[in-house]
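# What the coordinates show
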Amino acid sequence: MAIDPTRVPRFGHGSRVPGWDEAADLAKDPEEVPDPATTPVPEELRAAIESYMARYPDRRSATIPALHAMQDRYGWCTPQGIQEVACVMRLTPGYLISVASFYDMFFTQPVGRHDVFVCTNISCSLRGADELFAAFHEHGSDDPELNIRAFECLGACDMAPMASIDGKYVGPIRPDEVPGVLDAVRRGEEPLPDRQLERMKSADPRAASS
Amino acid sequence: MSELLLFKDIDEPGLHTLDVYARRGGYEALRKALAMSPAEVLHELEVSAIRGRGGAGFAMGKKISFLPKGAMDKYLVCNADESEPGTFKDRELLQKSPHMLIEGMLIAAYAGGINRAFIYIRGEYELQAQRLEAALDEAKAAGYIGDRVLGSDLSLTMWVHRGAGAYICGEETALLDSLEGKRGNPRLKPPFPANQGLYQGPTLINNVETLATAPHILRMGGEEYAKLGAPGSTGTKLVSVSGHVKRPGNFEIELGMPSREIIYGLAGGPPDGREVKLWFPGGSSAPVLTKDDLDLAYDFDTLAKAGSMLGSGAIIVIDDSTSVVDVAMKTAKFYRHESCGKCTPCREGTNWTVKMLERIDSGEATPMDLDIMAAVQENIIGNCLCVLGDAMAMPIGSMILKFREEFEAHIEAARARNELATTEEAPPEAVIQGAVA
C-alpha cells in the first residue's frame, strides 16, 4: 500500500517530527562564558551558587543545585538566569541549557507560580489518577498562576491518587475536591491539611504498637 | 517476626531530630563500630550477608571489599533517587529517621576507608531533603561528621545533593553523571564504580535502606542478623504495597514471608469481590506474576526462580477490574518518557512499544503484532548500557506471554469497533510490509 505524502501530517517546517522552524545560523559563534564585568548577578544567588560549588571537588557538580536556586528565584530557567548561573560557575549557557532540558523539574519555558504535579503512574492510575488529573486540568488549566502537570511516579503510592502541590505531597484527593484544593492553592493556603504526607502515620501495624 | 529493625519507633514524634534519635539508642552502633577496626566492621557486614535493597540485590559487604585499598579520595554515594514506580520505602526512612541513614553511611564509610560522602535525593522529595539537611547540620554540630569523628580515624564530609526529576538517575552510573553536573546518561561498565566512579575515583553506591540497616547489623552483630530472613536473603526488608489493596503502605517483613501474607495479611488484599489478577513483585521493572504465584516466598532467590525479581521490594497489585493492556500501556509510556536516549534499542524500543500498544487500542493491530512486540522486547534486553530498556521489556514481555488471550481479545474487540479495520479493503501485502519494516 503506497503512502500518500499529502496525507502525512507535517509541521510547518516540512518535517514529520517537531523541531526548529528556522535553520540554525551556522555563521554565528557559540555563546561564550559570560563576562563577570558585564553580567550583574544578584548577591544572594551568587552566594548560594558559590556555597554549592565549594561542596564538590569539581565545581561543575553544583549545576543542578545552582539551577534549582535560580529557578526558585525567577520561577523558570529564564535566559537571564541562565546567564547569571553561567557567569558564576564559569560555564557556557549552552551547557546549562542542555542540563536543564534533561530534567523534568526544570522549566525552559515560562510556567505558573504554583506547581501542581499530579502522579499518573501505574499505582496512582489504578486508584483513579487519570480522572484526578483530568479534573485538575478542567478546573485549572486556564489559570496562568498554576503549573499543572502529569508526573511520573512521585513515590507516594500509599496515598494514591495524589499530587505534589508546591512541593508538598497531598493525597488521596477525590476529583470532586479539586476546585476546593485549587482555591486553597491560589490563596496560598495548605490544601487538605489532614491529608498531607507530613502527618501520615506508618501503615505497618507493628510500628504503631512499638 | 520478633522485632522491627528499621521501623522500630518510626512514628515516634521528633525521631528525625538528633535528640530523640540519640535517646532511642541512636549513634551507639557508630560508637561500637569506631571501637573496632575497619576490617572488623567490614567482616560484620559481610557475615550479615545483607543484599542491596535498591533493586540489583548485590551483597553489600562484597561491594565495599571491591574498593581499592590505600590512601586516596574515596566516595560514598547514597542512592536516594527512589523513582521506581510503586516504591516509596526510602521516602518514609528519609522523612522520619534521617539520622539512621547518616549513621549507616558513617559505618559504611569507616569500613571502606571513605572520606567523601554524598546523598543523591530525588528532586521531588522536598520535605525529605529538608529533614535530611537539618539532620546533617545537627550531626555535624555534634561531631559525628567532620574531622576525626569521635576521636577515631574516620574523617569525612557529607552533603545532600538534590536531583531534578529523572528516573534514569536512579541507575548508578547515570546518578554519578548527574552528580557531576551533567545530563543523567549511564556509562559503559566496566570500569565499575568501585574502581572508577564519581570523578573517576573509587566509589561505593548503596541504596538508602541498605545503608540504614548497617547500624542494626553492627548493634546485633552480623551473625545474629544473618539468622533473620531466608537463606540467601537475610534480614528484614521494607516492602511498599500499592495499587488495588485495602491498606497500601510500607511494611517491614522478614524476607521469605509468603507473598500472600503480605498482600492479603498486611495490605488487606484487593477490594471485596475482587481478586488479584497480576502483581509486580519488585517495582514496575519486574516481570509480572499472577494469582497462581501468590504462595511464593518473598525473597530474592525464590522470585528469581519464578522468573521475576524482588527488585526494590515494591508490590503493585492489580485486580480483575483492570485490563492488562492498560497496565502495559502505562508501563511502556513511563519507560518511553524516562529513556535518556543514549542507546538506540531502548530509545526506539520503548517508543515503538507504545505505538504498537496504541494500535492495539485503536483497532489497527492484528494478533501478529503481539509477536512483533514480543520480538522488540527481546531485542532490547542486554543490548543497552543500562537496564532501563530491559526494565520495560521484561514486564511487557511477561504480560504478553501470560495474558496473550486477553491481548488477542482486546485486539479483536478494538478491530470490531474500528470500521476501517474490519472492511476487506486493506490488501494482505500491507500487513506483510508492516511486519518487515
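Small disclaimer: the values here were computed from a predicted structure and weren't measured.

## Remarks on the overall build of chain B
Within chain B one finds 19 helices and 13 strands. Overall size of chain B, expressed as C-alpha extent along the three principal axes, is 85 × 45 × 35 Å. With 437 residues in all, chain B has 57% of them scored as buried. The contacts of chain B with a sequence gap of at least 6 include a subset with a gap of at least 24, amounting to 72%.

## Points about the overall build of chain A
Scanning chain A for helices and strands turns up eight helices and four strands. Ordered by position from the N terminus, the helices and strands of chain A form the series α-α-α-α-β-α-α-β-β-β-α-α. Its C-alpha atoms give chain A a radius of gyration of 22 Å, more than 25% over the compact-globule value 17 Å for 210 residues. Considered along the principal axes of its C-alpha atoms, chain A spans approximately 65 × 60 × 35 Å. The buried share of chain A, reckoned over its 210 residues, is 42%. Put simply, of all contacts in chain A between residues at least 6 apart along the chain, 58% involve residues at least 24 apart.

## Side note on the nonpolar core
In terms of nonpolar packing, the biggest core is built from 164 residues, with B:Met105, B:Ile107, B:Ile262 and B:Trp279 touching the most fellow members. The element contributing the most residues to this core is helix α6 (residues 98–112) of chain B, with 10 residues. B:Met105 has contacts with B:Leu76, B:Cys78, B:Ala117, B:Met158 and B:Leu211, leaving out every residue within four places of it along the chain. In terms of nonpolar packing, the next biggest core, distinct from the first, is built from 32 residues, A:Cys119, A:Phe133, A:Ala135 and A:Leu146 among them.

## Structural notes on the interface of chain B and chain A
Much of the literature gives interface size as the accessible area that the parts lose upon coming together. Listed by partner, the interface residues are 57 residues for chain B and 44 residues for chain A. The element best represented in the side of chain B that touches chain A is helix α13 (residues 324–338) of chain B, accounting for six residues. Class assignment for the residues of the side of chain B that touches chain A results in 20 nonpolar, 20 polar and 17 charged.

## A few points about the environment of B:Ala117
Residues and elements named next belong to chain B. Within the secondary structure layout, Ala 117 lies in strand β2 (residues 116–121). Judged by the 23 C-beta atoms lying within 10 Å of it, Ala 117 is buried. Note: C-alpha distance between Ala 117 and Leu 156 (39 residues apart in sequence) is 7.1 Å. Residues contacting Ala 117, with those up to four places away along its chain left out, are Leu 76, Met 105, Ala 109, Leu 156, Thr 157 and Met 158.

## Details of α13(B)
Its 15 residues place the ends of α13(B) 21 Å apart at the C-alpha level, agreeing with the 21 Å of an ideal helix rising 1.5 Å per residue. Within α13(B), 11 of the 15 residues are buried, leaving the element largely enclosed by the surrounding structure. Taken together, the buried positions of α13(B) are occupied by B:Val324, B:Val327, B:Ala328, B:Met329, B:Lys330, B:Thr331, B:Ala332, B:Lys333, B:Phe334, B:Tyr335 and B:Glu338. On the buried face of α13(B), the contacting elements are α5 (122–126) of chain A together with β10 (276–280), β13 (314–319), α14 (344–362), α16 (388–402) and α17 (404–417) of chain B.

## Topic: the domain arrangement of chain B
All names here are of chain B. When the domains of chain B are assigned, the result is domain 1 (18–227), domain 2 (230–319) and domain 3 (324–436). Using C-alpha coordinates to define each centre, domain 1 is positioned 26 Å away from domain 2. Contacts between the two partners involve 19 residues from domain 1, matched on the other side by 19 residues from domain 2. Every element with two or more residues in the side of domain 1 that touches domain 2 is listed here: α5 (89–96), α9 (208–220) and α10 (222–227). Here the side of domain 1 that touches domain 2 is composed, by residue class, of six nonpolar, seven polar and six charged.

## Details of the sheet that holds β2(B)
Sheets are built from strands that pair by backbone hydrogen bonding, the pairs being arranged parallel or antiparallel. All names here are of chain B. Across the sheet, four strands lie side by side as β3-β2-β1-β4; this open sheet has parallel pairing. Since the sheet does not close on itself, it has two edges, and those belong to β3 (157–162) and β4 (203–207), each with one partner. Direction aside, neighbouring strands of the sheet carry axes that sit 20° apart on average. Where strand β1 (residues 75–80) and β4 come together, five bridges link them in parallel fashion. Each bridged residue has a counterpart across the sheet, and for Tyr 75 the counterpart in β4 is Thr 203. Against the sheet, helix α7 (residues 126–141) touches β2 and β3, its axis set at about 165° to β3. Contacts from α9 reach β1 and β4, with the element oriented near 90° to β4.

What counts, and at which threshold
- Residues numbered from 1 in each chain as written.
- Chains lettered and ligands numbered in written order.
- Predicted model: local features only at pLDDT ≥ 70, side-chain atom pairs only at ≥ 80, totals over all residues.
- Helix = DSSP H or I, 4+ residues; strand = E, 2+ residues; numbered from the N terminus.
- Buried ≥ 20, exposed ≤ 12 C-beta atoms within 10 Å, placed from the backbone.
- Contact = placed C-beta atoms within 7 Å.
- Rg over C-alpha atoms; globule rule 2.2 N^0.38 Å.
- Core = buried A, V, L, I, M, F, W, Y, C linked by C-beta atoms within 7 Å.
- Nonpolar A, V, L, I, M, F, W, Y, C, P; charged D, E, K, R; others polar.
- Expected span 1.5 Å × (residues − 1).
- Domains from an automatic or database assignment.
- Pairing = 2+ DSSP bridges.
- Axes fitted to C-alpha atoms, helices over the stretch in contact; angles between N-to-C directions.

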